[in-house]
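So the chains spell out like this:
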Amino acid sequence: MALIQMRDAYKAFIDQEVLTGVTFQIHPKERVALIGPNGAGKSTILKIIMGMEDLDEGEFTKSGQATLGYLPQDFDWDCDVTLYAGMLEVFQSILAISDRLRKLEAEMGKVEVLENEILYTKVMAEYSKMLERYESMDGYSIESRIKGVLKGLGFNEKDFQLKINQLSGGQKTRAGLARLLLTTPHLLLLDEPTNHLDLNAREWLEGFLKDYSGSVLIISHDRYFLDQIVNRVMELRYGDLEHYPGNYSFYIKERQRRLLEWQREYDKQQEKIATTEEFIRRNIEGVNTKQAQGRRKRLERLERIKKPPVDLNIPKIHFTSKKRSGNDVLKIAELSKRYPGLTLFENVNLNLYRGDKIGIVGPNGAGKTTFLKVILGQLDSDDGQVVEGAGVQITYYSQEHDSLANDELLLNYFRYKYRLTEQEGRDLLAKFLFIGDDVFKEIGNLSGGERSRLVIAELSLEKGNLMILDEPTNHLDITATEVLEEALKDFNGTILMVSHDRFFVERIANKIWEIDKGKVKEYYGTYSKYKRKKEEEVKIIEEKKVSGVKKDFLKKQKERNEEQILQRKIEEVESEIHTLEIKRDILADELADPTLYQRSEIDFLKKNEEYQNICKRLEELYQSWETMVS
């Protein structure tokens, strides 16, 4: 049975039809991606599911037993409790049971209850019932669950006592996601959940959602993330919803196949329509008028194939360089950058060669952007140097977009800065999806995605042979990201880029520079090869740990065995000493008797020899015992 169901849904705003007859279901244990261009209405679907928006037509139903959990894209949580206390609020019902158990335990300890069999039985029955509920709700694991989720999403234990209203916007979003994951609803609705997450946190969230017992509906531009998690893709475009049974990689191939088939069928029908219309025009008043009228009626009844999406013909963009650099592009020698109490990177020695396409990865706060700014000379290093090779010309994409003039119109900005004609400016902007009146927008009023596209358009005019890019896909929708990917793949120069978009890095980079814990390490190959290498390194470290533990165990076991052997030897020596001392004392008494010699000289000499041997043996045993116990 479906958890939720939308049927023939229609929703429009003043300037846009968002849903035009949309139908879909989400079933238990499904992992579904909801994708589409920015502004297509993806977030609106989630809001309709949550009852925050109403349909104009159609219906939405939810299973009566289903619980929903929603994380909006711009989540803002403002309260005066600590981060840890905010997580505990999720478990109020379990904590209430815990409080009741403590009270019942106190009751059972009272004399008046112990002495009243009926009352004691009643308290014990309630205690047993409440304890069973507490265990069934996994009450004992609350602390470990909270710590596991918070740490997985990038919080340290020192953050647990921070007030939520003291957190940054990104931290609040992560805190909201943590709280939502702890509630374990039947259906998670996640709108861009990987925003503000570094690579480690994204990978942790991937693992969590793979093992999640409920269903998930995700809006995300992180294609690698979607590829790892989802088993169905729903694409919302121009009000229609298309379904693809598989992960994101399957969707890419299948969508292209469907679009090409759609285009062929559309072209075929258009050709047929044109031929029919020409026949009608030529014969409507001639001898074939009845035949022409019949064809016109059939043409009127013909179900027209909708024109395929325009993104089949999205123009490609190109990055070119004015001149070729030398083979040695950058030489980084003994480079270090520190702040009081923090070393971002130290003693970095790397070479960047012509044609390298480097993806820089690492956790948030590791120093990736700082590393780029030191290379660019925007920040001073504490030690070392960066030497540019012959003929190197740098173009730089800043994630802050601080190169833009916010008070200018798009078209004017490019015409005057780069001396373009109006048509050249329009043609350039069209390649970056600024069409029609979009070119007259003021730069300061653009959205994040539009600003990103504008900066990339500017890069295409700079014609440097070394492109340094800091999070170029931030705010871009998937279509724009894919256009940028193709351009960077075809670029004949050198690229040094920071990106959290692993799919993007996978398609472009031929080397990975990892910044983590003050070190910068180079890995050859794609991002997936880097991940495999990292997994191998972790495996080796774990094996070494296991091996070390095993060696330590064997060493201790050997020491224990040796101690046991030594103890047995000591006990054997002590036993022999004890026996010989008794014999010695008996012989000493006998030899002290003067009549012994008179009775038998032979017997006396025999006993005396035995006595001397025992004394000699005892001397050896005493020395041996002292050596063993020292």
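Structure report, in brief. Owing to the predicted nature of the structure, the values given are computational and were not obtained by experimental measurement.

The subject of this paragraph is the overall build of the protein. Helix and strand content of the protein: 20 helices and 18 strands. Relative to its length of 630 residues, the protein is extended, with a C-alpha radius of gyration of 39 Å against a globular reference of 25 Å. Each of the three principal axes of the protein carries a C-alpha extent, and together these read 165 × 85 × 55 Å. Across the 630 residues that make up the protein, the buried fraction comes to 41%. Across the protein, the 95 positively charged side chains and the 107 negatively charged ones have centroids separated by 7 Å.

Taken together, 6 strands build an open sheet; the order of strands is β5-β6-β7-β3-β8-β9 and the sheet is mixed. Of all the strands in the sheet, the pair left with one neighbour each is β5 (68–71) and β9 (240–244). Taking each pair of neighbouring strands and ignoring which way they run, the sheet shows an average axis angle of 15°. As judged from the 5 bridges shared by strand β6 (residues 187–191) and strand β7 (residues 215–219), these two strands associate in the parallel manner.

This paragraph deals with the packing of helix α13 (residues 410–418) against helix α14 (residues 422–431). Their axes nearest at 9 Å, the elements α13 and α14 cross at an angle of 120°. Looking at the two axes, α13 sits oblique to α14. Judged by the twist between their axes, the crossing of α13 over α14 is right-handed. For the pair α13 and α14, the contacting residues are Leu 410, Leu 411, Phe 414 and Arg 415 in the first and Glu 422, Gly 425, Arg 426, Leu 428 and Leu 429 in the second.

Let us now look at the pairing of strand β11 (residues 342–353). Here 8 bridges tie strand β10 (residues 328–339) to β11, and the two strands are oriented antiparallel to one another. Within the sheet, the bridge partner assigned to Lys 337 lies in β11 and is Phe 345. Adjacent in sequence and paired antiparallel, β10 and β11 are bridged by 2 residues, among which Gly 341 carries a positive phi angle near 80°.

Before going further, it helps to spend a moment on a positive patch on the surface. Where like charges cluster on the molecular surface, the positive patch consists of Lys 268, Lys 272, Arg 296, Lys 297, Arg 298 and Arg 301. For the positive patch, the secondary-structure elements that each account for two or more residues are α10 (248–283) and α11 (289–301). Ranked by the residues each element gives to the positive patch, the list is headed by α11, at 4 residues. As for its position among the elements, Lys 268 is in helix α10.

Time to look at the environment of Thr 183. Within the secondary structure layout, Thr 183 lies in helix α7 (residues 169–183). Overall, the relative accessible area of 38% leaves Thr 183 in the partly exposed class. Once the C-alpha coordinates of Thr 183 and Leu 376 are considered, the two residues, 193 residues apart in sequence, prove to be 46 Å apart. A polar side-chain atom of Thr 183 sits 2.5 Å from the main-chain carbonyl oxygen of Leu 180.

Conventions we followed
- Residues numbered from 1 in each chain as written.
- Predicted model: local features only at pLDDT ≥ 70, side-chain atom pairs only at ≥ 80, totals over all residues.
- Heavy atoms only, no water.
- Helix = DSSP H or I, 4+ residues; strand = E, 2+ residues; numbered from the N terminus.
- Rg over C-alpha atoms; globule rule 2.2 N^0.38 Å.
- Buried < 20%, exposed > 50% of the residue type's maximum accessible area, 1.4 Å probe, protein only.
- Lys, Arg positive; Asp, Glu negative; His and termini not counted.
- Charge placed at Lys NZ, Arg CZ, Asp CG, Glu CD.
- Pairing = 2+ DSSP bridges.
- Axes fitted to C-alpha atoms, helices over the stretch in contact; angles between N-to-C directions.
- Parallel < 35°, antiparallel > 145°, perpendicular 65-115°, else oblique.
- Left-handed = near helix turned anticlockwise from the far one by under 90°.
- Contact = heavy atoms within 4.5 Å.
- Patch = residues over 30% accessible without salt bridge, like charges linked within 9 Å, V, L, I, M, F, W, Y side chains within 5 Å.
- Areas by Shrake-Rupley, 256 points an atom, 1.4 Å probe, with all protein chains shown as cover.
- Salt bridge = Lys/Arg side-chain N within 4 Å of Asp/Glu carboxyl O.
- Polar contact = N/O pair within 3.5 Å; in protein donor to acceptor, adjacent residues only side chain to side chain.

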